[in-house]
Amino acid sequence: MELNPIKDAFDSVIKKQTLSSSKIEDTIEQITQEIQQTLSGIQSAINVPSSQPKLILGELKTKLKEIAPLNHLEATQKELNIAMSKYTKLLEKQFYPDISKSYRNVDFDTHIINQIIASHLYRESMFEIGDCFINEAHEEETIVDKKTQFLEMYEILESMKSHDLTPALKWATTNHDKLQKTGSDIELQLHRLQFLEILQNGSRDEALKYGRTHFAPFATQHFHEIQKLMACLLWVGKIDSSPYSDLVSPTHWAKLADELAQQFCNLLGESYESPLKVTVAAGVQGLPTLLKLMNVMTGKKQEWQSMKQLPVPVDLGTEFQFHSIFVCPVSREQAGEDNPPMMMSCGHVLCRQSITKLSKNNSTRPFKCPYCPAEVEVAQCKQLYF
Amino acid sequence: MESNTNGNSAVSNATISSATATSLPSVQGAVPSSKLTQLTESLKLEHQFLRVPFEHYKKTIRANHRAVEKEVSAVMSTLSDSGDLSQDDAVKHLNSLVSRLQGLKRKLEDGSRAEHLQAQRCKARLDHLESAGADNISEWNNTRLKRILVDYMLRMSYYTTATQLAESSHIQDLVDIEIFYEAKRVMDALRNKEVAPALAWCADNKSRLKKSKSKFEFQLRLQEFIELVRNEKNLQAVTYSRKHLSPWAASYMKEFQKVFATLAFTCNTGCETYKVLFDAKQWDFLMEQFKQEFCRLYGMTLEPLLNIYLQAGLSALKTPFCYEDDCPKEDPLSQESFRKLAMPLPYSKQHHSKLVCYITKELMDTENPPLVLPNGYVYSTKALEEMARNNNGTITCPRTRDVFSYSQVTKAFIS
Ligand SMILES: [Zn+2]
């Protein structure tokens, strides 16, 4: 979107506004001066008995009427008003003026939304704000467990920032079995980092001792990795200039911290990204399509409120693709349990209903694949599971 | 296998497009151009972001102009009324006019300070929109989420949290806390069953409310009348209605008559039609009504932005698969709370297949095509190749635990 015309329109509002302000100032100044002049006129004539204040006041009145202060201001104010309404109109033209157009008037449970917000605040490490929110929204502290859990995670990550692995290792050791079950080797990765940290600080004996105690449980599964690590002992204190220099690259810390957060969330049964963040991001991407849809659906507001499926596809980035959706290229329908995707012997895939139609409901008669010259049979079609 | 013209051409197309993609200089770094198009499109949703501070600015300008008009015409008219004065009185009179004008000047100085601040705020917002780009996209998106949350909190009257969140993220200029404090005064009063601040607010915005044919003021007046009847101040009620209700009678005759009839029924009435008028819920209704008028006046959506974005996002994400047990955790709709919110919303629609590998969670497309195991389960080429490499050519289906050889795998062609 081109923001410059909008900025220009706003600058023109500011310009007219400055003009109008100074005009107002001038006018008030002018009136004040006229009155003060009259005032000094009366005062200097105070001992002249023939002076007539009524006459002098009358003169002032005529003068002020000639100045016509309010009429004077009108023109600049009108210009300002034009500039302001131009800006408002430009905004309406360049932006979606009402993004609630596609909003469905359904009961959106405030309590649920509040709970979602509270856990979002906690998982983004905004603990104080989360507490404040729960308090102000009168939400019960049912998510207080979540808070303690994420608090632990952020303490681990904070320590890692200052190259202290103690809390991380403590967590990994406690959850050793669970981590093994999910196939994560993060515990070994943490030990490796600790080992290299000791090596870099120059103590071979200590490193050797650390390696012996902590690598042993992983020896069978990660033999090669551990061999390489032990070879590092030869370069104690100068690994950065050894063949193993890539092992001590500082990026390992950041990467491992990310990995740890992911594993931590995984063990909690939580997603790595905040679900609120994901949904709002999807909403930002999807809303323009919905708003365009509403423009062509004017007059069908009622229909929109009760639709079971969106009439148009809303394209989201691949980061929002959590499920395999198969759309039959023949019928354009989404496959489901009652109409699953089937692969024909040529390798092309259609949904079952389309295959039934193409074969004219005859399971032995061969029919031609719509996408290649192959002749195929229903009996040889295979249901697919994505 | 038969000739697969389709599959082959798809593959060669893919190689061509990837070749051109790599030969292009990557100006935008890691962010693909489609992301930037999306960003531009998403900026168009920010109407309210620019409109609200501008309405505030306009309001201040208008108030200042009104003050000038009022004072100047007052000065002019008292001058006309001055008539026959002694010299002393004339001096006194003129002095009072001068000090009146000086008062106006001071008032305008304050007013233009406020105008300036609000203009700055409008500018800051334009600059913020302009700052969105490839290099700060994730930070910018995080700020947007915070703005949306602050908006929600303000509309729900969670002022303390809203302020804390805005301050801790340094986004005070990007949210409308001040404006909502204006609403807070009125809301608090209505909660205490006082209409005076609400009426003052109506007077402040008289011309604009009239333009939008708002009957909020009438509703407030009705409530005041009802309260008089409730307290059996019937005589006062009649006087009140003559003064404040009758101007509305022509437009809202039916309501006017109905409320007027309460004089006969009093608050202990058993008649349903009149009972509801005495219900304490009428005050909640007024609060709701005020919120709507308030939002409309500032060019805000009536719903919190959060609800609007959540609904759009949930509809776009919702598929029948989200409600199955194996819905992956990364899908917000795997969570009960999100599922409940999505319940009354439509499912998304796809015109083309989009297949995600169960193992790697990556998209299966021409560059990473889907492969079929003899049991019908489909995984991406990348995933199965790696599995075969690590296991001497054998593949274990992660869902059925069946074991196959990599040579048994066949290609599926998805068009
Ligand atoms: Zn075929």
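These numbers were taken from a predicted model, which means no experiment stands behind them.

All right, on to the nonpolar core then. Formed by 158 residues in total, the largest nonpolar core has its most connected members in Tyr87(A), Met160(A), Leu190(A) and Leu306(B). Looking at which element gives the most residues to this core, the answer is helix H13 (residues 275-296) of chain A, with 10 residues. The next biggest cluster of nonpolar side chains, apart from the first, holds 37 residues, and it includes Cys346(A), Leu350(A), Met364(B) and Met387(B).

Before going further, it helps to examine the domain arrangement of chain B. Residues and elements named next belong to chain B. Partitioning chain B into structural domains gives domain 1 (3-135), domain 2 (137-175), domain 3 (191-298) and domain 4 (355-411). Counting residues at the interface gives 18 residues for domain 1 and 11 residues for domain 2. Carbon and sulfur atoms supply 51% of the area buried between domain 1 and domain 2, which totals about 1200 Å² over both sides. Between Glu46 and Arg147 there is a salt bridge, with its nearest N and O atoms 3.0 Å apart. Joining domain 1 to domain 2, the criterion identifies seven residue pairs in polar contact (both at pLDDT 80 or more). Those elements that place two or more of their residues in the side of domain 1 that touches domain 2 are helix H2 (33-43), helix H3 (47-81) and helix H4 (87-131). Taken together, the residues that form the side of domain 1 that touches domain 2 break down as eight nonpolar, five polar and five charged.

Taken together, the contact pairs 134 residues of chain A with 132 residues of chain B. Taken together, both faces of the contact between chain A and chain B bury some 11900 Å²; the carbon and sulfur share is 69%. Taken as a group, Phe108(A), His323(A) and Phe386(A) account for 6% of the area that chain A buries against chain B, more than any other trio of residues on that side. If you look at where chain A meets chain B, you find seven salt bridges. Across the pair Arg51(B) and Glu92(A) runs a salt bridge whose closest N-O atoms are separated by 3.2 Å. In this assembly, chain A and chain B are joined by 39 residue pairs in polar contact (both at pLDDT 80 or more). Mapped onto the side of chain A that touches chain B, the elements with two or more residues apiece are helix H1 (4-44), helix H2 (53-67), helix H3 (69-94), helix H4 (110-123), helix H5 (127-136), H13 and strand E5 (382-383) of chain A. Residue classes in the side of chain A that touches chain B are distributed as 78 nonpolar, 34 polar and 22 charged.

Time to look at the sheet that holds strand E1 (residues 341-343) of chain A. All names here are of chain A. The three strands are arranged E2-E1-E5 in an open sheet whose pairing can be described as antiparallel. If you trace the sheet from one side to the other, it starts and ends with strand E2 (349-351) and E5, each paired once. Bridge count between E1 and E5: two bridges; the pairing is antiparallel. Each residue of the ladder has a partner; that of Met343, found in E5, is Lys382.

Mapped onto this structure's residue numbering, the UniProt feature "domain: RING-Gid-type" (unreviewed entry) falls at residues 327-400 of chain B. Overall, residues 327-400 of chain B shows 23% helix and 18% strand. The separation of its end C-alpha atoms is 17 Å.

What counts, and where the lines are drawn
Residues numbered from 1 in each chain as written. Chains lettered and ligands numbered in written order. Predicted model: local features only at pLDDT ≥ 70, side-chain atom pairs only at ≥ 80, totals over all residues. Heavy atoms only, no water. Core = buried A, V, L, I, M, F, W, Y, C linked by side-chain atoms within 4.5 Å. Buried < 20%, exposed > 50% of the residue type's maximum accessible area, 1.4 Å probe, protein only. Helix = DSSP H or I, 4+ residues; strand = E, 2+ residues; numbered from the N terminus. Domains from an automatic or database assignment. Contact = heavy atoms within 4.5 Å. Buried area = accessible area lost by both parts, 1.4 Å probe. Salt bridge = Lys/Arg side-chain N within 4 Å of Asp/Glu carboxyl O. Polar contact = N/O pair within 3.5 Å; in protein donor to acceptor, adjacent residues only side chain to side chain. Nonpolar A, V, L, I, M, F, W, Y, C, P; charged D, E, K, R; others polar. Pairing = 2+ DSSP bridges. UniProt positions renumbered as here; feature names shortened; annotations may be inferred.

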